[in-house]
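Spelled out, the chains give:
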Amino acid sequence: MNVTINGAAHELPTGATVAQAVQRLTGMRSGVAVAVNDEVVSRGAWEATALAEADRVEVLTAVQGG
């Protein structure tokens, strides 16, 4: 299935979860926030939240620095 992650097209297996999308984009789990179709998905729900064709996923990472 095709989804958009941070504005770029990605092909994921049918039934892929938010957790799999995050893993594909970044190996980080802390300091990461995810929204699917403009709705925030809590970290505890990543494994149980399946993505669907044409979903829009935004993966945001916290950056520290000065």
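What you see as residue numbers is a count from 1 along each chain, following the sequence as written. Confidence filtering applies because this is a predicted model: local features only for residues at pLDDT of at least 70, side-chain atom pairs given and counted only at 80 or more, and all residues used for totals across whole chains, interfaces and linings. The basis for every side-chain value is the complete set of heavy atoms in the structure, and neither hydrogens nor water enter the calculation.

Q: Outline the nonpolar core, listing residues and values.
A: The biggest cluster of nonpolar side chains holds 17 residues, and the ones touching the most others in it are Leu12, Val18, Val34, Trp46 and Leu51. For this core, the elements supplying multiple residues, two or more each, are β1 (2–5), α1 (18–25), β3 (32–36) and β5 (56–61). Ranked by the residues each element gives to this core, the list is headed by α1, at four residues. We call two residues contacting when some pair of their heavy atoms lies within 4.5 Å. Apart from the residues within four sequence positions on either side, Trp46 is in contact with Thr17, Val18, Ala19, Val22, Arg29, Val32, Val34 and Val41. Among buried residues, the Ala, Val, Leu, Ile, Met, Phe, Trp, Tyr and Cys ones that are joined through side-chain atoms within 4.5 Å form a nonpolar core. Relative accessibility decides the category of a residue: with a 1.4 Å probe and only protein chains considered, values under 20% of the type maximum give buried, values over 50% give exposed, and everything between is partly exposed. Each helix is a run of H or I in the DSSP string that is no shorter than four residues. Each strand is a run of E no shorter than two, and both are numbered from the N terminus.

Q: A description of the sheet that holds β1 should follow, citing residues and the corresponding values.
A: What the five strands build is an open sheet, ordered β2-β1-β5-β3-β4; its pairing is mixed. Only two strands of the sheet have a single partner each, and these edge strands are β2 (8–11) and β4 (39–41). Neighbour-to-neighbour, the strand axes of the sheet open up by a mean angle of 35°, direction not taken into account. Inspection of the sheet shows β1 paired to β5 by two bridges, in the parallel sense. Note on β5: the bridge partner recorded for Ile5 is Val57. Angles shown run from 0 to 180 degrees and are taken between the N-to-C directions of axes, each axis being a line fitted to C-alpha atoms and, for helices, limited to the stretch in contact. Those strands touched by α1 are β1, β2, β3, β4 and β5, and its axis lies near 125° from that of β3. The criterion for strand pairing is that DSSP finds at least two bridges linking the strands in question.

The analysis is restricted to geometry; functional conclusions fall outside its scope.
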